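Summary of the model geometry
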Amino acid sequence: MKPYGNFKKGILNIGEAPGEQEDATGKPFQGRAGRALQQAYSEVGIDLFEDCLNINAVSCRTMDNEGNNRTPTNQEIAHCRNRVFNYINKYKPKIIVLLGSSAVQSVIGGRWKKNLGTITKWRGWAIPDREFKAWICPTLHPSYVIRQSDAPEVYTVWMQDLQRISDLVSTQFPTFEDESKYVKIISRIEMVNVLNKLMTSDKIFIDVETTGLKPYNKDQHKIVCISICNAKNNVYVLPAPETDEELDALKQLLENPNVGKMAHNMKYEDTWLKVMYNINVNPWIWDSMIASHVLDNRTEISSLKFQVYINFGIADYDSAIEKYLHGIDDKNANSPNKIMELVANPIKRKELFTYCGLDSLFGYRLALKQKELIEC
Ligand code: URA
């Protein structure tokens, strides 16, 4: 089945799979679900076949033994992924609308290394996806909305998503740069100087990388590095302090009442710094994980990685590092992870420190965005 539509507004709709009518005509969105989508789009000023190009996550009709439509398997979706990606790269849509979980599985599933979760978690965001240089907008599949006709809130939410898509047509796609150039990896010699310099910041975002989840077993666990971001384009990554002078400089900064502290899940940084260094971080002014939850109380959306993707469009800046940060023993949540393997290798150490820096840099930018939304 070929892409179908005149694509005047640069919107690419990705459905699930052809149904009976689509199979018969060779065109997507010809049956009941297609008509529902066409009608709903028209209410927000979008013509399904004039303004959009239309394809499906899988190209062939998937059926059960009785000849009824069935949801494609992840394997079938993976098999057709290249074709979908080729269309995206060929047509360069401004907006990619993912209708339902099969489309999410197709476009996000192959690049999202963590648990993909359900459409409920993905719908409604306008993701500025850097790889495709397009807004990715997951929303509900029209067949699902039809099936939920006795739950009017489902239709309301769907229409809100479609309105947002319509508003995006005239929204410029952001320009992005490689933020790793803003990460300054600091040597032990420079450390005290940098910490002293940071004393003039009004607020800083901090992130620690550690050998495990909880610090209580001091012989087994330690802090490996600390990143401190004090501006949108500036973050320092320090090795863990060792001398009294280094520890004192860190304590002075983190306990300075004029420097507000922010983190993503601040209780983590707070506990590690207290237990390991006897530092009582003060004052905490922002937790971007809690703020994510305040802004949207759906489950599985408040991790930093998810927030970085939906806000800044990077699906996997952590993929090379993440696997080293899980405890080696599945049965013991606080077992040591493999972070020291990274530290032992100069190239991997740099990757780890850069990753730690990006966590703080994106956290800082996220906190600024959230503050604007919450405090306005
Ligand atoms: N028609 C399509 O082509 N795809 C869908 O997902 C639904 C209806």
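Structure shown above.
Below you will find a few notes about this structure. Since this is a predicted model, take the numbers as computed values, not measurements.

Each value, and the rule that gives it
Residues numbered from 1 in each chain as written. Predicted model: local features only at pLDDT ≥ 70, side-chain atom pairs only at ≥ 80, totals over all residues. Heavy atoms only, no water. Helix = DSSP H or I, 4+ residues; strand = E, 2+ residues; numbered from the N terminus. Buried < 20%, exposed > 50% of the residue type's maximum accessible area, 1.4 Å probe, protein only. Contact = heavy atoms within 4.5 Å. Areas by Shrake-Rupley, 256 points an atom, 1.4 Å probe, with all protein chains shown as cover. Lys, Arg positive; Asp, Glu negative; His and termini not counted. Charge placed at Lys NZ, Arg CZ, Asp CG, Glu CD. Salt bridge = Lys/Arg side-chain N within 4 Å of Asp/Glu carboxyl O. Pairing = 2+ DSSP bridges. Axes fitted to C-alpha atoms, helices over the stretch in contact; angles between N-to-C directions. Right-handed = clockwise from strand over helix to strand, strands pointing away.

**Structural notes on the overall build of the protein chain**
- On a plain count of helices and strands, the protein chain comes out with 15 helices and eleven strands.
- With the C-alpha coordinates of the protein chain rotated into their principal frame, the extents come out at 75 × 45 × 40 Å.
- Counting every position in the protein chain, which comprises 376 residues, the buried fraction comes to 53%.
- For the protein chain, contacts bridging at least 24 residues in sequence account for 71% of all contacts bridging at least 6.
- Looking at the protein chain as shown, the accessible area adds up to about 18,000 Å², and 49% of this sits on carbon and sulfur atoms.
- Charge-centre separation for the protein chain: the mean point of 46 positive side chains lies 4 Å from the mean point of 46 negative side chains.

**Some thoughts on the pattern of salt bridges**
- Summed over all chains, the structure comprises 18 salt bridges.
- In this structure, Asp161 and Arg123 form a salt bridge, with 2.7 Å as the shortest nitrogen-oxygen distance. On the criterion of sequence distance, the pair formed by Asp161 in helix 7 (residues 152-168) and Arg123 in the loop between helix 5 (119-122) and strand 4 (127-129) is long-range, its members being 38 residues apart.
- Arg188 is the salt-bridge partner of Glu246, the closest N and O atoms lying 3.3 Å from each other. Of this pair, Glu246 sits in helix 9 (residues 244-254) while Arg188 sits in the loop between strand 6 (183-185) and helix 8 (191-197); the two residues are 58 residues apart in sequence, bridging distant segments of the chain.

**As for the sheet that holds strand 6**
- Overall, mixed pairing links the six strands, which are arranged 6-9-8-7-10-11 in an open sheet. Looking along the sheet, the strands with just one partner apiece sit at the ends: strand 6 and strand 11 (284-287). Across this sheet, the average inter-strand angle for adjacent strands is 25°, counted without regard to direction.
- By the bridge criterion, six bridges tie strand 8 (residues 223-231) to strand 9 (residues 234-239) in an arrangement that is antiparallel. For Ala231, the partnering residue across the bridge sits in strand 9 and is Asn234.

**As for the pairing of strand 10 (residues 260-263)**
- A two-sided burial pattern is seen for strand 10, the buried positions comprising Gly260 and Met262 on one face and Lys261 and Ala263 on the other.
- Two strands pair when backbone bridges link them, and strand 10 and strand 11 are joined in this way by three bridges, in the parallel orientation. Across the sheet, the residue bridging to Ala263 is Asp287, located in strand 11.
- The handedness of the strand 10 to strand 11 crossover, carried by helix 10 (residues 266-277), is right-handed.

All quantities given are derived from atomic positions and should not be read as evidence of function.
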